Amino acid sequence: MANKRKTKTKSKSRRKPSNKNKNNKKSKIQSNWKKISTAASTIAGLSNITSADMSASAGQPIGMRAQNFANSLLGRVTGYTPFKNAAGANTPQTISIEGIFNKWSGAGFASWVYGQLPIKQLPHKGKAKTFGKSLLTAGVLSGLFMPTSNPHTHNLISHNNPSVSPAMASVSTL
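Residues numbered from 1 in each chain as written. Predicted model: local features only at pLDDT ≥ 70, side-chain atom pairs only at ≥ 80, totals over all residues. Heavy atoms only, no water.

**So, the packing of aromatic side chains**
Thought 1: Under the defined criterion, the tally for this structure stands at two aromatic pairs.
Thought 2: Taking the centre distance of 6.2 Å and the plane angle of 50 degrees together, the rings of Trp33 and Phe131 count as tilted. Taken together, the residues span a long stretch of sequence, with Trp33 in helix α2 (residues 20-50) and Phe131 in helix α5 (residues 125-144) at a distance of 98 residues.
Thought 3: Trp33 gets classed as partly exposed once you look at its relative accessible area, which sits at 27%.
Thought 4: With relative accessibility at 24%, the residue Phe131 sits in the partly exposed group. (Phe/Tyr/Trp six-rings, centres within 6.5 Å; stacked < 30°, edge-to-face > 60°. Helix = DSSP H or I, 4+ residues; strand = E, 2+ residues; numbered from the N terminus. Buried < 20%, exposed > 50% of the residue type's maximum accessible area, 1.4 Å probe, protein only.)

Printed below as a string of structure tokens:
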């Protein structure tokens, strides 16, 4: 009986190694790539929205910079600035389609196009396609709230009504 067990273990050890380790490595790389794509697109989006306002807190302690970041992000997206005494307290809500064509949406589009090319020899096409989609999405969505040179900003939370032109006043009374 003891000899039979030894021969069975020997025959198992002579088998070819399975591809479990290879497949496991591949799935880890795939899941890590999605995390990398998500993190990169999040950072790109936040940078897009807040980059113009962060210069107001340059050289200040990290707490003041964090308050400026929150004011900038929430101010550009919602029009509400939670820290009234911090830099960026007067950040207006900005919604404009002018900002959707930016460096992040361009890089995302280029990466997505690379993933779509019908050439089999190109490396990492699937990863480039995934990365491109997330970066393109982040660039377009954050570009909507990006500060632009367009003077038309819209604050949906503000209760201040803009002055109504006489032509619009006659239309609204009908």
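On we go.
**What to know about the confidence of the model for the protein chain**
Thought 1: Chain-level pLDDT for the protein chain is 78 on average; 68% of the residues reach the 70-or-more range.
Thought 2: The spread of mean pLDDT over the elements of the protein chain runs between helix α6 (residues 166-172), the lowest at 44, and helix α4 (residues 103-116), the highest at 94. (pLDDT = per-residue confidence, 0-100.)

**Details of helix α3 (residues 62-78)**
Thought 1: The end-to-end C-alpha distance of α3, which contains 17 residues, comes to 23 Å, matching closely the 24 Å that a straight helix rising 1.5 Å per residue would cover.
Thought 2: Burial in α3 covers these residues: Asn68, Ala70, Asn71, Ser72, Gly75 and Arg76.
Thought 3: Directly beyond the C-terminal end of α3, a positive phi value near 90 degrees is found at Gly79. (Expected span 1.5 Å × (residues − 1).)

**A word on the pattern of salt bridges**
It is possible for side chains of opposite charge to pair when their charged atoms get near one another.
Thought 1: Scanning the model with the defined rule gives one salt bridge in all.
Thought 2: The partner of Asp53 in a salt bridge is Arg76, and the shortest N-O contact between them spans 2.9 Å. With Asp53 in the loop between α2 and α3 and Arg76 in helix α3, the pair connects residues that are 23 residues apart, well separated along the chain. Residues Asp53 and Arg76 agree in their burial class; the two are buried. (Salt bridge = Lys/Arg side-chain N within 4 Å of Asp/Glu carboxyl O.)

**Details of the packing of α4 against α5**
Thought 1: Where α4 contacts α5, the two axes come as close as 7 Å, and the packing angle between them is 155 degrees. Regarding the angle of α4 to α5, the classification is roughly antiparallel. Considering how the two elements wind past one another, α4 and α5 form a crossing that is left-handed. Every residue of α5 that contacts α4 at Trp104, Ser105, Ala107, Gly108, Phe109, Ser111, Trp112, Tyr114, Gly115 and Gln116 is listed here: Lys125, Ala128, Lys129, Phe131, Gly132, Lys133, Leu135, Leu136, Gly139 and Val140.
Thought 2: Considering only residue class, the contact of α4 with α5 consists of ten nonpolar, seven polar and three charged. (Axes fitted to C-alpha atoms, helices over the stretch in contact; angles between N-to-C directions. Parallel < 35°, antiparallel > 145°, perpendicular 65-115°, else oblique. Left-handed = near helix turned anticlockwise from the far one by under 90°. Contact = heavy atoms within 4.5 Å. Nonpolar A, V, L, I, M, F, W, Y, C, P; charged D, E, K, R; others polar.)

**Some thoughts on the environment of Ile49**
Thought 1: Inspection of the secondary structure puts Ile49 in helix α2.
Thought 2: Judged by its relative accessible area of 7%, Ile49 falls in the buried class.
Thought 3: In this structure, the C-alpha to C-alpha distance between Ile49 and Phe69, residues 20 residues apart in sequence, is 9.7 Å.
Thought 4: With sequence-adjacent residues up to four places away left out, Ile49 is seen in contact with Ser72, Leu73, Arg76, Val77, Ser142, Phe145 and Pro147.

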